[in-house]
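# An overview of the molecular structure
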Amino acid sequence: MRRRLLTLLTMVWVLSVLTATADVSPRIFHNYTSADGLADNSAQTIHCTKTGRLVITTAGQINFFNGSKFSHIDPLEENMYALSEYRGNYHLYFDRFHHIWLKNTHSVTCVDLITERFTSSIEDEFRKFGVVEHVNDLFVDSAGVVWLLTEKGLYNVKSKKTIKPHANLNLQDLEICKDKYVMLFYNNGLMEMFDYTTGKKVDESRPYTDDVARNYESSSLLATAKDRVFQLRNGARDAILMCYNLVEKNWYEILRTPYHLNNMAIKDSLMFVPCEYGYWVANLNSGELKHYEVLMMETGKTMETDVNVIAFDRQGGMWVGTEQRGLLYSRPFAPPFNVYAWGNSTADHYGAMMDGVNQWPRFRDRTVNCIYKDSRGWTWVGTPQGLQVYRKETDMLPQVYTTKDGLYNNIVHSVVEDALHNIWVGTSYGISVVLFNEDGRVHRINSYNQYDHVPNEVFVNGKAMCLPDGTIVMQSLDHVVEFNPKNFSTLDNNYQFEIYPKMVQLFVNGVDVNTNTEIDGKKLLDRALSRVWGLDLNYNQNSITMVFSALNYFRPQQTFYRVRVLGLDDEWRILTPFDSNGYVDRDGLLHLPLMALRPGHYEIHVQASMSPDDWNTRPYIWTIDIHEPWWRSIGVFGVFGFLLAILFLVNILFYMKNAKLRAQRDSEETMLVKRIYNFIDRIEGRGEILEPAAEEYSAAAVEAMTDLDPEFVKAMEKIKLLVLTERNKKKMTMRRLGNAAGMGGKEFYQLIMANIFKSPRALIKKARLEEAEKLLRNTKMSIEDISAKCGFITANYFIASFFQKHRLTPQMYRDRH
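Residues numbered from 1 in each chain as written. Predicted model: local features only at pLDDT ≥ 70, side-chain atom pairs only at ≥ 80, totals over all residues. Heavy atoms only, no water.

## A closer look at the layout of surface pockets
- In this structure, the largest pocket occupies an estimated 1600 Å³ of space.
- Contributing to the lining of the largest pocket are 46 residues, with His 47, Cys 48, Leu 92, Tyr 93 and Phe 94 lying nearest its centre.
- Contributing elements (two or more residues each) for the lining of the largest pocket: strand 2 (45–48), strand 7 (91–94), strand 11 (137–140), strand 15 (171–177), strand 19 (219–225), strand 23 (265–267) and strand 28 (307–312).
- Class assignment of the residues belonging to the lining of the largest pocket gives a composition of 23 nonpolar, 10 polar and 13 charged.
- By volume, the second largest pocket is sized at about 990 Å³.
- Lining the second largest pocket are 38 residues, and of these Arg 331, Asn 449, Tyr 451, Pro 556 and Gln 557 sit closest to its centre.
- When contributions to the lining of the second largest pocket are tallied by element, the ones reaching two or more residues are strand 1 (22–32) and strand 30 (327–330).
- Per-element tally for the lining of the second largest pocket: the top contributor is strand 1, with 6 residues.
- Of the residues in the lining of the second largest pocket, the class split is 21 nonpolar, 10 polar and 7 charged. (1 Å grid on protein atoms, 1.4 Å probe; cavity = no way out; pocket = protein on both sides within 12 Å on 5 of 7 lines; lining within 4 Å. Points joined across faces, edges and corners; volume = space filled by probe spheres on them. Helix = DSSP H or I, 4+ residues; strand = E, 2+ residues; numbered from the N terminus. Nonpolar A, V, L, I, M, F, W, Y, C, P; charged D, E, K, R; others polar.)

## Quick look at the pattern of salt bridges
- For the structure on display, the rule yields 20 salt bridges.
- Between Glu 417 and Arg 376 there is a salt bridge, and its shortest N-O distance comes to 3.9 Å. Here Glu 417 is found in strand 36 (residues 412–417), whereas its partner Arg 376 is found in the loop between strand 32 (370–373) and strand 33 (379–383), with 41 residues between them in sequence.
- The partner of Glu 773 in a salt bridge is Lys 805, and the shortest N-O contact between them spans 3.2 Å. Taken together, the residues span a long stretch of sequence, with Glu 773 in helix 10 (residues 761–778) and Lys 805 in helix 12 (residues 795–806) at a distance of 32 residues.
- Under the relative-accessibility criterion, Glu 773 is labelled buried at 11%. (Salt bridge = Lys/Arg side-chain N within 4 Å of Asp/Glu carboxyl O. Buried < 20%, exposed > 50% of the residue type's maximum accessible area, 1.4 Å probe, protein only.)

## Focus: the sheet that holds strand 34 (residues 386–390)
- Here 4 strands make up an open sheet; going across it, the order is 32-33-34-35 and the pairing antiparallel. Both edges of this open sheet fall to strand 32 and strand 35 (399–401), since each of them pairs with a single strand only. Neighbouring strand axes in the sheet, compared pairwise and without regard to direction, differ in orientation by 20° on average.
- Two strands pair when backbone bridges link them, and strand 33 and strand 34 are joined in this way by 5 bridges, in the antiparallel orientation. Across the sheet, the residue bridging to Thr 379 is Tyr 390, located in strand 34. (Pairing = 2+ DSSP bridges. Axes fitted to C-alpha atoms, helices over the stretch in contact; angles between N-to-C directions.)

## Looking at empty space enclosed by the protein
- By the definition in use, this model includes 3 cavities of 30 Å³ or more.
- Lining the largest cavity, in full, are Thr 51, Gly 52, Asp 313, Arg 314, Gln 315, Glu 498, Ile 499, Tyr 500, Ala 550, Leu 551 and Tyr 553.
- Grouping the constituent residues of the lining of the largest cavity by class yields 5 nonpolar, 3 polar and 3 charged.
- When its volume is computed, the second largest cavity comes out at roughly 50 Å³.
- Residue lining of the second largest cavity: 14 residues in total, with Ser 549, Leu 551, Asn 552, Asp 587 and Gly 588 positioned closest to the centre.
- Here the residues of the lining of the second largest cavity are counted per class, giving 6 nonpolar, 7 polar and 1 charged.

## Thoughts on the environment of Asn 234
- With respect to the secondary-structure elements, Asn 234 resides in strand 20 (residues 228–234).
- The exposure class assigned to Asn 234 is buried, which follows from its relative accessible area of 8%.
- Remark: the alpha-carbon pair of Asn 234 and Tyr 259, spanning 25 residues in sequence, is separated by 8.4 Å.
- In contact with Asn 234, other than residues within four places in its own chain, are Asn 215, Tyr 216, Glu 217, Ser 218, Ser 219, Ala 239, His 260 and Leu 261. (Contact = heavy atoms within 4.5 Å.)

## So, helix 9 (residues 745–755)
- Along helix 9, the residues classified as buried are Phe 748, Leu 751, Ile 752 and Asn 755. Seen from one end, helix 9 has its buried residues packed into an arc of 95°, which puts them on one side. (Arc of directions from axis to C-beta.)

## Overview of the packing of aromatic side chains
- Per the stated rule, a full pass over the model turns up 41 aromatic pairs.
- With a centroid separation of 4.9 Å and 80° between ring planes, the pair formed by Tyr 259 and Tyr 277 is classed as edge-to-face. You can see Tyr 259 sitting in the loop between strand 22 (250–257) and strand 23 and its partner Tyr 277 sitting in the loop between strand 24 (270–274) and strand 25 (279–283), a full 18 residues away along the chain.
- Judged by relative accessible area, Tyr 259 falls into the buried class, the value being 13%.
- Aromatic side chains Trp 319 and Tyr 329 sit 4.4 Å apart centroid to centroid with 35° between the ring planes, which places their arrangement in the tilted category. In this pair, Trp 319 is assigned in strand 29 (residues 318–322) and Tyr 329 in strand 30, connecting sequence segments 10 residues apart.
- Taking NZ or CZ as reference, Arg 376 lies 3.7 Å from the ring centre of Phe 436, over its face.
- It is Arg 562 that lies over the ring of Trp 572; its NZ or CZ is 4.2 Å from the centre. (Phe/Tyr/Trp six-rings, centres within 6.5 Å; stacked < 30°, edge-to-face > 60°. Lys NZ or Arg CZ within 6 Å of the ring centre and 35° of its normal.)

This is the structure:
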């Protein structure tokens, strides 16, 4: 019986290999390698996250791809944990606790997705799950729940319950079924089913005998689809792909190969199975198998390679991880362009049809590249400066379309109209199409280049035509390009998928910010940028540039953004790769600068679309709070206001006190000015008769004559004229008198106070003697008359006083002068 079963299985395998012929893959692939930023050219696993970002594992590194560039993190030896029971190769898990678990033979590493860093201690992660004993193996089911295999059994970190697996077999995989059962898969092919709640065994099954099991006991990999569980098993050399039907509770074989099958990916009703020689495709409905051993590259070359993994992104694009050739990408839609090199019969046939075209026509007395008149009666002219259109024969100035409108290149070589009345343009780089609205107005321009399977070469002037079946043919230097616009999915938004923006890079004051970045001693991010939805910044951290990716792997050059910043500019703005002044680059990344923001709250709303008219997706919202400087904070303003009130009260008290002192000072100043007036009046007046004192001629009298400070005397001499001429015209102040005396206010005040209360007799006598000197020199008045005129009581007193000053009598002074 066992031999008959083995023979039957062998026949099935032989038939499967014979009926599934190796062929060239119908997909066309673009190659990413370490030259593009991938950490290593050996891509082991690929996973597309819910946000659309790709996670690729290479030789131990975790790579992240945002549609434009790769970044990666490396584990250290202390980040690895030994798993004694795991014997397979790379196996990647995402759990519901924000971890990535990467298993390789007898080891596991863990990435904390909150920080996107390898955890420093996996033991600490296990302790958080409630496990302190050594873990021999680790699994994550399709619900994201972690299961830890220890000496005590298989521990569910969510339910905190333990299942006892088979003691003598190597547990290689597990999966949950309908949230009721746990399926355990062992190295000999045995599958045990346990009740999820009670942990009791309810069933077991096995697809083959021990003799067959020896060929496939090295590793296991699972995938689920509705009521089916698919298991891929590898041995030392051979591999087998099987399916367990959960309803019928039976196994059936899909594929058996004499080489390793590396992984599985299910897309719609097709299962893609990478292997040592390309990949297999199994139709899960019909059972049809197809083996693609040769991969076609967009360069036109082919590649034969060991494929480790296949995954699909949110747009339906296919990603292939190879053992040594890096990462391959195939678009979700087949390129609509067929390219034929010269020498091919199709190329030669089309070339002959376009012979005789005038490649240098003239339009309005100038040589142009091409001229085309469409069904509307519009004339399209291809020039080295862009595409020109004249809607009427009488138009003098055309409408011009250039790279700012969506062309890849301004040098237009050929123009043709398709059956849908759109205008197709061949340039020096790529093919463009001018699309129209239903009302006949130009809607927008789409362009296609080498990434769309268009030759990266110059097209030939005028060599373009539309065949009766709608096929368009364009001739380039070395090829003929054939396509039918009816087969295009990119003319309008017919892709059946949406794109969402994601922030992938952040600059603050020109510094690239990550979880380790500090600015002014402040750590800006405590988690990875992909897990942050807002930012708190100081007032001087207010120049920000955010980089967004729509994760548009399909056509990054056809990525449009709609942006508004609440708190700065509430209006939506549409930014395109062609007219955004570099805000949207050719890789489809949006660079949004916000410079010199004022303190406040800002909300950045960003939407992404593959059409500038469709904005039905929810916006990505990111907030920025820029705090006021500490001296503008409410607390500081409160303290400042309190201090200001105190200062105001103190100022009022001082003002009242100073007002009182000022009034007192003004009163004293007024009295002092009057004193000065009186002093000068006494000096200049004649009402006071000078008569001798008893001690007039004693030593004390001489000292009294010199009692006044000489500086005071000089000051009085200087201010005397000012007082006599303006005292009745303008209020006199001490400051003005001091300025007249050539002295500062304080110095003048001190000088006046030191002398004003002394007797002015000496100055009076001095002034009258000086007047007498003038009269003696200039008149013939008698001595007696001069004495009387100058206010001396007697002529003798005048003569004595004059003699005391000059040592001459008045008559002797007159005779001498």
